[in-house]
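Single-letter residue listing:
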Amino acid sequence: MKPAVKRIGVFTSGGDAPGMNAAVRAVVRTALHHGIECIGIRRGYHGLISGDFVKLDFESVSDTSRRGGTMLYSARSKEFMTEDGLDKAVATCKMLGLDALVGIGGDGTFRGLLTLANKGISVIGIPGTIDNDIACSTYTIGYDTASNTALESIDRLRDTMKSHERCSVVEVMGHRAGHLAMSVGISCGATVVLTPENELDYDRDVVEPIRRARLAGRTHFMVIVAEGVPGGAYDVAQKIKEALALDTRVTILGHVQRGGSPTARDRMVATYMGHAAVHLLAEGKTCRVVAMKGDDVVDYDITEALNMTKGLEKYGLEVLSDMTGI
Ligand code: F6P
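Here is a short report on the structure shown in this document.

**Some details on the nonpolar core**
- Formed by 75 residues in total, the largest nonpolar core has its most connected members in Ile 8, Val 10, Val 169, Ile 210, Val 223, Ile 224 and Ile 240.
- Here this core takes nine residues from helix α9 (residues 264-282), the largest share from any one element.
- Residue contacts for Ile 210: discarding those within four places in its chain leaves Cys 167, Thr 191, Val 192, Phe 221, Val 223, Ile 240, Leu 244 and Leu 246.
- Counting 29 residues, the second-largest nonpolar core is a separate cluster that includes Phe 11, Val 123, Val 289 and Ala 305.

**Overview of the pattern of salt bridges**
- Throughout the structure, instances matching the rule amount to 19 salt bridges.
- One salt bridge connects Lys 88 with Asp 84, and the closest N-O pair in it is separated by 3.6 Å. Of the two residues, Lys 88 and Asp 84 are both situated in helix α3 (residues 83-96); the distance of four residues between them amounts to about one turn of the helix.
- Lys 88 sits in the partly exposed class, given a relative accessible area of 34%.
- Residue classification places Asp 84 among the partly exposed positions, given a relative accessible area of 47%.
- A salt bridge links Lys 119 to Asp 87; its shortest N-O distance comes to 3.7 Å. With Lys 119 in the loop between α4 (107-117) and β5 (122-127) and Asp 87 in helix α3, the pair connects residues that are 32 residues apart, well separated along the chain.
- In the salt-bridge network here, residues are joined through shared partners; they are Arg 7, Glu 37 and Lys 55.

**A few points about the site of the ligand**
- Around the ligand lies a shell formed by Arg 76, Thr 129, Asp 131, Met 173, Gly 174, His 175, Glu 227, His 255 and Arg 258.
- At 2.5 Å from an oxygen atom of the ligand is found a side-chain nitrogen or oxygen belonging to Arg 76.
- Arg 258 is positioned with one of its side-chain polar atoms (N or O) 2.7 Å from an oxygen atom of the ligand.
- Protein contacts shield 73% of the accessible area of the ligand, which totals 400 Å² for the unbound molecule.
- If you map the ligand onto the pockets, it falls in the largest pocket.
- The residue inventory of the shell around the ligand, partitioned by class, reads one nonpolar, four polar and four charged.

**Side note on the layout of surface pockets**
- Its boundaries defined by the atoms lining it, the largest pocket holds a volume of some 1100 Å³.
- Taken together, 43 residues make up the lining of the largest pocket; nearest its centre are Gly 106, Asp 107, Gly 108, Arg 111 and His 175.
- At the level of elements, α3, α4 and α10 (302-307) are the ones that each hand at least two residues to the lining of the largest pocket.
- With six residues, α4 is the largest single contributor of residues to the lining of the largest pocket.
- Within the lining of the largest pocket, the residues separate by chemical class into 13 nonpolar, 17 polar and 13 charged.
- One number sums up the size of the second largest pocket: a volume of about 410 Å³.
- As for the second largest pocket, its lining consists of 19 residues, of which Val 193, Asp 205, Leu 320, Ser 321 and Thr 324 are closest to the centre.

**What about the sheet that holds strand β11 (residues 296-301)?**
- The seven strands lie next to each other as β3-β2-β1-β4-β5-β10-β11, forming an open sheet whose pairing is mixed. Two strands lie at the open edges of the sheet, namely β3 (53-56) and β11, each paired on one side alone. Averaged over all pairs of adjacent strands, the angle between strand axes in this sheet comes to 25°, irrespective of strand direction.
- Bridge count between strand β1 (residues 7-12) and strand β4 (residues 100-105): five bridges; the pairing is parallel. Paired with Gly 9 across the two strands is Leu 101, which belongs to β4.
- Helix α1 (residues 20-33) contacts β1, β2 (37-41), β3, β4 and β5 of the sheet and is inclined by roughly 175° relative to β1.

What counts and how
- Residues numbered from 1 in each chain as written.
- Predicted model: local features only at pLDDT ≥ 70, side-chain atom pairs only at ≥ 80, totals over all residues.
- Heavy atoms only, no water.
- Core = buried A, V, L, I, M, F, W, Y, C linked by side-chain atoms within 4.5 Å.
- Buried < 20%, exposed > 50% of the residue type's maximum accessible area, 1.4 Å probe, protein only.
- Helix = DSSP H or I, 4+ residues; strand = E, 2+ residues; numbered from the N terminus.
- Contact = heavy atoms within 4.5 Å.
- Salt bridge = Lys/Arg side-chain N within 4 Å of Asp/Glu carboxyl O.
- Near = heavy atom within 4 Å.
- Polar contact = N/O pair within 3.5 Å; in protein donor to acceptor, adjacent residues only side chain to side chain.
- Areas by Shrake-Rupley, 256 points an atom, 1.4 Å probe, with all protein chains shown as cover.
- 1 Å grid on protein atoms, 1.4 Å probe; cavity = no way out; pocket = protein on both sides within 12 Å on 5 of 7 lines; lining within 4 Å.
- Sits in = over half its atoms within 2 Å of the grid points.
- Nonpolar A, V, L, I, M, F, W, Y, C, P; charged D, E, K, R; others polar.
- Points joined across faces, edges and corners; volume = space filled by probe spheres on them.
- Pairing = 2+ DSSP bridges.
- Axes fitted to C-alpha atoms, helices over the stretch in contact; angles between N-to-C directions.

Bear in mind that shape data such as this cannot, by itself, settle questions of function.
Here it is as structure tokens:
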């Protein structure tokens, strides 16, 4: 079957995530396999406005899947939000002869794609963010690597916290969501996990679990705080000091969580999603977000995807409560 598009652009936007390169590679290789040309737009929407592009061929994406970051660079563009910026972006698409765009990023990236679709450009979104906060997808590229990176640091922290019988308060990323905190908290065996989705009651959620663990014989404590929790790790640590007089240390893991070589899971999901995105375009589809539903690759209309909501995984919450409840 003759593909519905001849030349497509691919870009990464927003916070980078390990696995984005694998997604770009999959887009390029799948496109070439179907006789579609592929252009890389560098620096996200910023590059789309300024015409910052690179031709991508088979070899240019070779040996990129195992690398962290994004070979296409990333940015957040305020100019794209303006009419003038949008017009310039559309002009670049015309100048490059692009029939379609594949954008890899989060909700902000998808909203941008929607505005381009309204100007007549075919678009497909791929969820790439360490936060796993894309409502339509059970999984986002980068989440597994970031969880493992955070976990490795927390395991190290635990060694020293145990030696000194301290309480460690670790802040993990996640933007306004607590998915990363929850996965990391369950995996590291935290005493307390605080997420923005759950309204915080200090006595019930922090003091009590630590007190119970102390009575059960524990002499060091691991408290995981999602960055979206009001006050963040420093506030939580201060309250713990005041209420329990524990020797407390704060660690903000920060951007280290966004780096590193992607795990097998992130490379796999990214490759599947990149492949699916090109297939949708080749079939003449537009305005879709590729997503995971369990182990299946599915796709949704972008507007529908943006209107969906996603809470913390229910079974995970139950497990967490049993693990920390004593
Ligand atoms: O969305 C990914 C993310 O790393 C969030 O977890 C975090 O809140 C934000 O990006 C940080 O953004 P920046 O790189 O602009 O500091």
